[in-house]
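Results of the structural survey
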There are 2 protein chains.
Amino acid sequence: MTNKNEQQEQQSPAIILVNPQLAENMGTTARAMLNCNLLDLRLVCPRDDWLSDKAISASSGAEIILQNAKRFETTEEAVADLNLIFASTARRRDMIKTVYTPDKAIQIVRSHIANKDRCGILFGPERTGLHNDDIAIADAVIEIPLNPVHTSLNLAQAVLLIGYEWFKSGHNEPEEQFITNGAEIASKDALLNFFNHLETELDNCGYLRLPHKRPRMVRSLRNIFERAKLTDPEVQSLHGVIKDLVTHRHRKIEENTKK
Amino acid sequence: MTNKNEQQEQQSPAIILVNPQLAENMGTTARAMLNCNLLDLRLVCPRDDWLSDKAISASSGAEIILQNAKRFETTEEAVADLNLIFASTARRRDMIKTVYTPDKAIQIVRSHIANKDRCGILFGPERTGLHNDDIAIADAVIEIPLNPVHTSLNLAQAVLLIGYEWFKSGHNEPEEQFITNGAEIASKDALLNFFNHLETELDNCGYLRLPHKRPRMVRSLRNIFERAKLTDPEVQSLHGVIKDLVTHRHRKIEENTKK
């Protein structure tokens, strides 16, 4: 790993799988981690080999996470260097703790990391979830809000949802982007020129023949094309569409006249 | 399905899988959908049987979604009754479209559903993603923000992340909850009584022997227990802890005196 990766690893929360059973789940967890730029995987007494072919294949290209994973004998050893730990649980336990949503928990992690604390999130074994002893050493609990009639998530999916909140919180992705693949949005001049072409032909063909209705009809049509946020090449295409529609009409009229 | 389910189904966006290949992925998608209370699954020319044992088993109890899934020959037929469609894509296409984050797209879906529109989200086949022809009939695109070096998500995971935004947007889950399993948070009276017990014993044993340091030491200790947000039973336990520590000390002193 490069220095940059080491730095990133220190700055992102550790994902600690306690007694994970299946190699496949360790692989898919690694995949979800890399999706979300979480690099520090810690395994407490895993049953299967996390470097087996099954695990590597399930990681779909995220084997770097598995190769750099650290194995520990106990949860206590796995969290020893951390300052803040959340326990991810699917059901309420008989325990007095604060329970956070993933996004709120990630906010807290971010503020601790900004304060140079090292954070981690504990996930329990596939069937049973975390043991209460592991939850007891966590600062607080994360519960993922899901349909109460069906909360069962697999391990990698739980890591993915929390990791996704982590990734989102660090990236101010624009909520809305208009992508044009390099084409320029048409200037208003080009657009008005197109409207002029369209309306001239609609006058010629009689579509706009009723003077009292004309202004509203023109506005409606202009609105449609304004909403479409046309690019320059698209305006050119539409000129062609109108031209050919008109030509075709002419041809039809000529044909009809010949008969 | 009950009427209530039908109503819910109409109110939640349809999940439309275009040419899904693997039964297992249809099963895990059903599981992710039920996790997020998405009930309307539509399959366009699926390769495998979505009611096979493999699919049912992968759904982990969400077979109701598979049993109610509808099969269509073409994407056009699958979306015919809908008013608003998003296309979920992993990579930028050579197309002029608006791209939204999942949470923004879900906000738009919510506002359309409030307006009695019916919405759907398209997902493409496992390896190739959606065909550009399918994206062309969508109103806009959803891109899930993920680590650019590793954006590969499996089908069910993509459905899960978007479904999770859907579920969150409909549930005002409290960000932070202090759970006590029915125990009452200790009254300040009970807490001050405990402080009194503790400080009396610390006076007796000499821990608070320096008068000029005493006020600050007392404040520090009180702060620790205030932060812990103790419940009544916990205060009782701590009384016992102090009592037994003191008794043990007495015993030790007695033992030492005997020697």
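Structure: see above.
Structural notes, computed from the coordinates. Numbering of residues starts from 1 in every chain and runs along the sequence as written. To read the labels, note that chains go from A and ligands from 1, taken in the order they are written. For a predicted model such as this one, the threshold for reporting local features is a pLDDT of at least 70, and the threshold for listing and counting side-chain atom pairs is 80 or more; totals across whole chains, interfaces and linings nevertheless cover every residue. Derived side-chain values reflect all non-hydrogen atoms in the structure, with water molecules and hydrogen atoms excluded from consideration.

**Quick look at the sheet that holds strand E1 (residues 14–18) of chain A**
Stated precisely, the cut-off is as follows: Think of it this way: DSSP has to see at least two bridges between two strands before they count as a pair. In this description a helix means any DSSP run of H or I spanning at least four residues, a strand means any run of E spanning at least two, and both kinds are numbered starting from the N terminus. Interaxial angles span 0 to 180 degrees and are taken between N-to-C directions of axes, which are lines fitted to C-alpha atoms, for helices over the stretch in contact. Contact definition: two residues touch when any of their heavy atoms are within 4.5 Å.
Reading across from one edge, E3(A)-E2(A)-E1(A)-E6(A)-E4(A)-E7(A)-E5(A)-E8(B) is the order of the eight strands in this open sheet, with mixed pairing throughout. In this open sheet, the two strands that pair with only one neighbour each are strand E3 (70–72) of chain A together with strand E8 (176–179) of chain B. Taking the axes of each pair of neighbouring strands and ignoring which way they run, one obtains an average angle of 30° across the sheet. The pairing of strand E2 (residues 41–44) of chain A with E3 of chain A spans three bridges and is classified as parallel. Bridge pairing links Leu-43 of chain A to Arg-71 of chain A in E3 of chain A. Relative to strand E6 (residues 119–123) of chain A, helix H8 (residues 155–170) of chain A is tilted by about 150°, and along the sheet it contacts E1, strand E4 (84–88), E6 and strand E7 (140–142) of chain A.

**Comments concerning the packing of aromatic side chains**
Residue and element names in this part refer to chain A. Inclusion rule: Aromatic pairing here means that ring centres of Phe, Tyr or Trp (its six-membered ring) are within 6.5 Å. Orientation follows from the plane angle: under 30 degrees is stacked, over 60 is edge-to-face, and everything else is tilted. Exposure is judged per residue with a 1.4 Å probe applied to protein chains only, and the accessible area is read against the type maximum: over 50% gives exposed, under 20% gives buried, and values in between give partly exposed.
Counting across every chain of the model gives six aromatic pairs over all chains. Centre to centre, the rings of Phe-194 and Phe-195 are 6.0 Å apart; their planes meet at 50°, and the pair counts as tilted. You'll find Phe-194 and Phe-195 in the same group, each marked buried. Ring geometry for Phe-194 against Phe-225: centres 5.2 Å apart, planes inclined by 80°, an arrangement best described as edge-to-face. Of the two residues, Phe-194 is situated in helix H9 (residues 188–205) and Phe-225 in helix H10 (residues 214–227); the sequence distance between them amounts to 31 residues. This pair shows no difference in class: Phe-194 is buried, exactly as Phe-225 is.

**Digging into a positive patch on the surface**
Note the threshold: Only residues whose relative accessible area exceeds 30% and that form no salt bridge enter a patch; like-charged residues are grouped when within 9 Å of one another, and nonpolar side chains (Val, Leu, Ile, Met, Phe, Trp, Tyr) when within 5 Å. Surface accessibility follows the Shrake-Rupley procedure with a 1.4 Å probe radius. Residue values consider only the protein chains on display as shielding. We define a salt bridge as a contact between a side-chain nitrogen of Lys or Arg and a carboxyl oxygen of Asp or Glu at a distance within 4 Å. In this tally Asp and Glu are treated as negative and Lys and Arg as positive; neither His nor the chain ends contributes. Charge placement uses NZ in Lys and CZ in Arg. For Asp and Glu, CG and CD serve respectively.
On the surface, Arg-209, Lys-213, Arg-216 and Arg-219 of chain A cluster together into a patch of positive charge. Of note, Arg-209 of chain A is situated in the loop between H9 and H10.

**Remarks on the relation of the copies chain B and chain A**
Condition: The copies were overlaid with a least-squares fit restricted to C-alpha atoms from residues scoring a pLDDT of at least 70 in each copy.
When chain B is brought onto chain A, the operation consists of a screw motion whose angular component is 180° and whose axial shift is 0.0 Å, with 0.1 Å RMSD remaining. Overall, the copies show the geometry of a two-fold rotation axis.

**With respect to the interface of chain B and chain A**
It is common to give the size of an interface as the accessible area that goes away when the parts come together. Our working definition: Buried area: the sum, over both parts, of the accessible surface (1.4 Å probe) that disappears when the two are put together. The definition of a polar contact used here is a pair of N or O atoms within 3.5 Å, where within protein one atom must be able to donate a hydrogen and the other to accept one, and adjacent residues in sequence count solely through side-chain atom pairs. In this classification, the charged set is Asp, Glu, Lys and Arg, the nonpolar set is Ala, Val, Leu, Ile, Met, Phe, Trp, Tyr, Cys and Pro, and all remaining amino acids, among them Gly, are polar.
The interface is formed by 53 residues belonging to chain B together with 53 residues belonging to chain A. Both sides together, the interface formed by chain B and chain A hides about 4,700 Å², and carbon and sulfur atoms give 53% of it. In this structure, the connection of chain B to chain A is made through six salt bridges. The partner of Asp-103 of chain A in a salt bridge is Lys-168 of chain B, with the nearest N and O atoms 3.5 Å apart. Where chain B meets chain A, there are 24 residue pairs in polar contact (both at pLDDT 80 or more). The set of elements that each furnish at least two residues to the side of chain B that touches chain A consists of helix H2 (23–35), strand E5 (97–100), helix H6 (102–114), helix H8 (155–170) and E8 of chain B. A class-by-class count of the residues in the side of chain B that touches chain A yields 21 nonpolar, 18 polar and 14 charged. With four bridges joining them, strand E5 (residues 97–100) of chain A and E8 of chain B adopt antiparallel strand pairing. Across the sheet, residue Val-99 of chain A finds its bridge partner in E8 of chain B, namely Gln-177 of chain B.

**Thoughts on the nonpolar core**
What counts, and what does not: In these notes, a set of buried Ala, Val, Leu, Ile, Met, Phe, Trp, Tyr and Cys residues joined through side-chain atoms within 4.5 Å is what counts as a nonpolar core.
Ranked by size, the top nonpolar core spans 88 residues in total, and within it Phe-86 of chain A together with Phe-86 of chain B carry the most contacts. Sequence-distant contacts of Phe-86 of chain B, defined by excluding residues within four places in its chain, comprise Tyr-100, Ala-105, Ile-108, Val-109, Gly-120, Ile-121, Leu-122, Ala-138, Ala-140, Val-141 and Ile-142 of chain B.

**Brief notes about the sheet that holds strand E1 (residues 14–18) of chain B**
A sheet is described by the order of its strands in space; here eight strands give the open sequence E8(A)-E5(B)-E7(B)-E4(B)-E6(B)-E1(B)-E2(B)-E3(B), paired in mixed fashion. This sheet does not close on itself; its edge strands, each paired only once, are strand E8 (176–179) of chain A together with strand E3 (70–72) of chain B. On average, each strand axis in the sheet is tilted by 30° relative to the strand beside it, whichever way the strands run. Strand contacts of H6 of chain B: E8 of chain A together with strand E4 (84–88), E5, strand E6 (119–123) and strand E7 (140–142) of chain B, with the helix running at about 165° to E4 of chain B, the strand carrying the most contacts. Its contacts with the sheet put H8 of chain B on E1, E4, E6 and E7 of chain B, and the angle it makes with E6 of chain B is roughly 150°.

**Looking at helix H10 (residues 214–227) of chain B**
Residue and element names in this part refer to chain B. Put simply, the rule is: Take the residue count of a helix, subtract one, and multiply by 1.5 Å to get its expected span. The reported arc concerns the directions from the helix axis to the C-beta atoms and nothing else.
Given a rise of 1.5 Å per residue, 14 residues ought to cover 20 Å, and the 20 Å separating the end C-alpha atoms of H10 matches this to within 8%. Every buried residue belonging to H10 is among Val-218, Leu-221 and Phe-225, and all of these are buried. Looking straight down H10, one finds that the buried residues subtend no more than 70° of arc, so they occupy a single side. Counted as exposed and oriented over 90 degrees from the buried face of H10: Arg-216, Arg-219 and Arg-227. Directly after H10, the chain includes Lys-229, whose backbone phi takes a positive value near 45°.

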